[in-house]
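Inside the fold
Single-letter residue listing:
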Amino acid sequence: MEFIVSIVVIILLAKLLSEPLRRIGIHVIVGDILAGLILGPAVLGLIYPDVSIKALADFSLIILMLYTGLNTNPRVLSEHRFKIIVTGVSGAFFTFILIFAAAYLYGYPLFTALFIAVALSNTATETVAAMIEKAGRRISSTIQSILIGASFVDDVLAIYLITLLRTLPVEGTFDLMGLAIITAKIMLFMLTVLYVSRILVEHHSDKILKLFSDPAQMTMTTVVLAFILALTARLVGLNEVIGAYLGGLAVSRLKTVRDPTLLGVIRVSELADELRVMLESLFTTIFFAYVGLNYNPLAQPGVLPIILFTTLALLGKFVGCTLPLLASRIPRHEVVLIGIGMGGRGALETAIILFAQQYGLIGPAEYATILTVMLGTAIVTPILFGLALKKYQHKLI
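These numbers were taken from a predicted model, which means no experiment stands behind them. (Residues numbered from 1 in each chain as written. Predicted model: local features only at pLDDT ≥ 70, side-chain atom pairs only at ≥ 80, totals over all residues. Heavy atoms only, no water.)

Digging into the packing of helix α10 (residues 215-235) against helix α11 (residues 240-252)
As a reminder of what qualifies: Angular values range over 0 to 180 degrees, each being the angle between N-to-C directions of two axes fitted as lines to C-alpha atoms, with helices fitted over their stretch in contact. Helix numbers and strand numbers start at the N terminus; a helix is a DSSP run of H or I with at least 4 residues, a strand a run of E with at least 2. Should an angle lie under 35 degrees it is considered roughly parallel, over 145 roughly antiparallel, and from 65 to 115 roughly perpendicular; all remaining angles are considered oblique. Here a crossing is called left-handed whenever its near helix is offset anticlockwise from the far helix by less than a right angle, and right-handed whenever the offset is clockwise. Residues count as neighbours in contact if any of their non-hydrogen atoms are within 4.5 Å of one another. Ten residues, namely Ala, Val, Leu, Ile, Met, Phe, Trp, Tyr, Cys and Pro, are considered nonpolar, four, namely Asp, Glu, Lys and Arg, are considered charged, and the remaining ones, Gly among them, are considered polar.
Put simply, α10 and α11 touch, their axes get as near as 7 Å, and they point 140 degrees apart. Judged by the angle between their axes, α10 and α11 are oblique. Between α10 and α11 lies a crossing whose hand is right-handed. Residue-level contacts link T222, L225, A226, L229, A230, A233 and R234 of α10 to E240, I242, G243, A244, L246, G247 and V251 of α11. Here the contact of α10 with α11 is built from residues that sort into nine nonpolar, three polar and two charged.

Next up, the structure:
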């Protein structure tokens, strides 16, 4: 099938599948991935993940990471800073330990078990945001802040882990020196970008906002910045996604400008809206459909590993996120909602498994297993969250 025709068919089927899912609170990326699965080699065999579709998917991932960084709100993170960091780290760590132990004991090789655990330890910010939007005023600002903030912490951890993929060789040895060097590079790169962006925003915010006065120029400047940082990250031996993410994070600093007119917040919000339209109309659909297209029809993921990892993925997040919050003054029903809400997976998990497959760190069967678990959590989590809201509706605001 020709490239343009393939893109049109992917978009049409993805939108057809996504709309019913959106109405019941399930994120549209599930429909996008299913569209790729149906059209790809796994089912109909009409479209294959060729070079042209891969190039567009790679471009889409850069825009998606830019948008993720742009939506990071420093003020939200600072309001419940300690609870957010502890919740995010504890949930990711507890889930990682459970899944890694289960995968290794089940018989997966060490590095395969490691990457299964890495891929399933992150919470998808986009899934959390969709659940919060659907819940509306039924949940408190505390629940919203901790859910969004902890998922942002998970995003940062996932970006770090994606970048570490290139340091782990396939032949079964672990280079601690290489790990230390790449970690130092990541920290130095992140601190440099964040420091320079802070200086620019503090001393030249008026010039930046003037540059951003035109919507088209604002969007183009931000996208170019993201690609420059992505290229810089690649040149210093890191993964491109960390550069794109930091590009969005740097621009999001305009939200912190002290201005009674809130011009910085308005400009960043307008930019985020522009990118969201681009993503929802084309880029996220193409990226997640590409993930589905890569599902190998010859792969035979076992039913038992899928059930085991799905259960542990949800349980690990629930226990890991709720345990530290039980010691706080947050009402128990809100703690339960936070623990359930942190269970969904999404964009970064798919990026992790794509990279891992490209680097030969996992095979088609592991790719299919992780993708199935990710889809399962993305579907089950909003349903469980909705049931919990009904149960505790008399206690909520």
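Observations concerning the pattern of salt bridges
Put simply, the rule reads: Think of a salt bridge as a Lys or Arg side-chain nitrogen and an Asp or Glu carboxyl oxygen that are within 4 Å of each other. Throughout, exposure labels follow a simple rule: accessible area from a 1.4 Å probe, protein chains only, divided by the maximum for the residue type, with under 20% read as buried, over 50% as exposed, and the rest as partly exposed.
On inspection of all chains with the given rule, the structure shows one salt bridge. Put simply, K54 and D58 hold a salt bridge, and the shortest N to O gap is 2.9 Å. Of this pair, K54 and D58 both sit in helix α3 (residues 51-70), four residues apart, which is roughly one turn of the helix. Given a relative accessible area of 29%, K54 falls into the partly exposed group.

So, the packing of helix α5 (residues 81-106) against helix α13 (residues 303-326)
Two numbers describe how α5 lies on α13: the axes approach to 7 Å, and their chain directions differ by 150 degrees. The angle between the axes of α5 and α13 places the two elements in the roughly antiparallel class. In this structure, α5 meets α13 at a crossing whose hand is right-handed. Counted by class, the contact of α5 with α13 contains 18 nonpolar, six polar and two charged residues.

Describing the environment of E2
Within the secondary structure, E2 is located in the segment before α1 (3-23). Here the alpha-carbon distance between E2 and I47, two residues 45 residues apart in the chain, equals 9.0 Å.

Section: helix α2 (residues 29-39)
α2 sits mainly inside the fold: nine of its eleven residues count as buried. Taken together, the buried positions of α2 are I29, V30, G31, D32, I33, A35, G36, L37 and L39.

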